[in-house]
Amino acid sequence: MPDDLTLPPRPDFFPAPGGALPQHWSKCFGCGDDQPAGMAMTFTAGEGLEVSGRLTVAQRYQGGPGVIHGGILSVAFDEVQGMACMVLGGPVVTGHLEIDFARPIPLGSVLEFRARIDGMVRRKVYTSAEARIVEGPTAGDTVVATSRGLFLTIKPEHFAPMADFVDGVPVSPFGTSSL
Ligand SMILES: CCCCCCCCCCCCCCCC(=O)SCCNC(=O)CCNC(=O)[C@H](O)C(C)(C)COP(=O)(O)OP(=O)(O)OC[C@H]1O[C@@H](n2cnc3c(N)ncnc32)[C@H](O)[C@@H]1OP(=O)(O)O
């Protein structure tokens, strides 16, 4: 990470700690409620610049025998670290994401993710997160995976060339969340 990073303030529009964060896009595979095949993650504001997210590891997320697929875990980190950027009040996209898979995660577990902005410079937003199993046979305080991600702030027009590819009519377009 660069050493000239700054931290954004926690804005007034952000929910109080424990308050629910809205989905950023109703068709999102990670959090959208208009995406039947999706992961239906939910998010809450934490203290300071932290947000938390929850994922129930469905049977269909299986990678190795009985355990979560690494790509699914990566989606979850992408999502929660992107949601940590919601404090900025505008859209971001992922530029780089790296995951450390520390422990196997059994199907049926409930994962809790904690993510935050570590710093910003220009349009670059450096984030990190970790995951713990909070329900399931191996639940505990052990960190089962960690992630670092670089997000880039973008203008809403970024998605304009893709408008024709959206399936159906979104109820919560990206960048117009109900925060
Ligand atoms: C009230 C309103 C509420 C709104 C509420 C919003 C809530 C928000 C929640 C979102 C939650 C989403 C969670 C899922 C998020 C996805 O999954 S997004 C989908 C996956 N990502 C993509 O599709 C992005 C595809 N890539 C791109 O479009 C372009 O490469 C990017 C990322 C926009 C960058 O292109 P660009 O804008 O032309 O940027 P560029 O000028 O090249 O680079 C800018 C800086 O970034 C650096 N950079 C760019 N790419 C990289 C990279 N990959 N690695 C390292 N450095 C990089 C450059 O070196 C440069 O650095 P500096 O010169 O400033 O030091």
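Just so it is clear, the model here is predicted, and its values are computed rather than measured.

Reading the values: rules and limits
- Residues numbered from 1 in each chain as written.
- Predicted model: local features only at pLDDT ≥ 70, side-chain atom pairs only at ≥ 80, totals over all residues.
- Heavy atoms only, no water.
- Near = heavy atom within 4 Å.
- Polar contact = N/O pair within 3.5 Å; in protein donor to acceptor, adjacent residues only side chain to side chain.
- Helix = DSSP H or I, 4+ residues; strand = E, 2+ residues; numbered from the N terminus.
- Nonpolar A, V, L, I, M, F, W, Y, C, P; charged D, E, K, R; others polar.
- Buried < 20%, exposed > 50% of the residue type's maximum accessible area, 1.4 Å probe, protein only.
- Contact = heavy atoms within 4.5 Å.
- Patch = residues over 30% accessible without salt bridge, like charges linked within 9 Å, V, L, I, M, F, W, Y side chains within 5 Å.
- Areas by Shrake-Rupley, 256 points an atom, 1.4 Å probe, with all protein chains shown as cover.
- Salt bridge = Lys/Arg side-chain N within 4 Å of Asp/Glu carboxyl O.
- pLDDT = per-residue confidence, 0-100.
- UniProt positions renumbered as here; feature names shortened; annotations may be inferred.

### A look at the site of the ligand
Line of reasoning, step 1. Taken together, 20 residues lie around the ligand, and Asp-78, Gly-95, Arg-122, Arg-123 and Lys-124 are the ones closest in.
Line of reasoning, step 2. At a separation of 2.9 Å, a nitrogen atom of the ligand approaches a polar backbone atom of Gly-95.
Line of reasoning, step 3. Arg-123 is positioned with one of its side-chain polar atoms (N or O) 2.7 Å from an oxygen atom of the ligand.
Line of reasoning, step 4. Among the secondary structure elements, those contributing two or more residues to the shell around the ligand are α1 (70-84), β3 (92-101) and β6 (143-153).
Line of reasoning, step 5. Broken down by element, the shell around the ligand gets its largest block of residues, 4 residues, from β3.
Line of reasoning, step 6. Across the shell around the ligand, the residue classes break down as 6 nonpolar, 9 polar and 5 charged.

### Details of unusual backbone geometry
Line of reasoning, step 1. Residues other than glycine seldom take positive phi values, yet Ala-40 does so here, at roughly 50 degrees.
Line of reasoning, step 2. Position of Ala-40 relative to the elements: it lies in the segment before β1 (42-45).
Line of reasoning, step 3. For Ala-40, a relative accessible area of 53% corresponds to the exposed category.
Line of reasoning, step 4. With phi around 50 degrees, Arg-122 is a residue other than glycine that occupies positive phi space.
Line of reasoning, step 5. Within the fold, Arg-122 resides in the loop between β4 (110-121) and β5 (124-135).
Line of reasoning, step 6. Classification of Arg-122 as exposed rests on a relative accessible area of 67%.

### Description of the environment of Val-121
Line of reasoning, step 1. Mapped onto the secondary structure, Val-121 falls in strand β4.
Line of reasoning, step 2. Remark: the alpha-carbon pair of Val-121 and Leu-152, spanning 31 residues in sequence, is separated by 9.9 Å.
Line of reasoning, step 3. If we ignore the near neighbours within four places in the chain, the residues touching Val-121 are Pro-2, Asp-4, Leu-5 and Tyr-126.

### Description of a nonpolar patch on the surface
Line of reasoning, step 1. Taken together, the side chains of Phe-159, Met-162 and Phe-165 present a nonpolar region at the surface, about 340 Å² in accessible area.
Line of reasoning, step 2. Position of Phe-165 among the secondary structure elements: in the segment after β6.
Line of reasoning, step 3. Overall, Phe-165 belongs to the exposed group, its relative accessible area being 66%.

### What to know about the confidence of the model for the chain
Line of reasoning, step 1. On average, residues of the chain score 93 in pLDDT, and 95% of them are at 70 or above.
Line of reasoning, step 2. Low pLDDT (under 50) marks residues 175-179, which in the prediction has 11 contacts with non-local residues, meaning those over four places away or in another chain.
Line of reasoning, step 3. As scored by the predictor, the complex reaches a pTM of 0.96 and an ipTM of 0.96.

### Considerations on the UniProt feature "domain: Thioesterase" (unreviewed entry) in the chain
Line of reasoning, step 1. Annotation from UniProt places "domain: Thioesterase" (unreviewed entry) at residues 66-136.
Line of reasoning, step 2. In this annotation, residues 66-136 is assigned 21% helix and 48% strand; the end-to-end C-alpha distance for the span is 13 Å.

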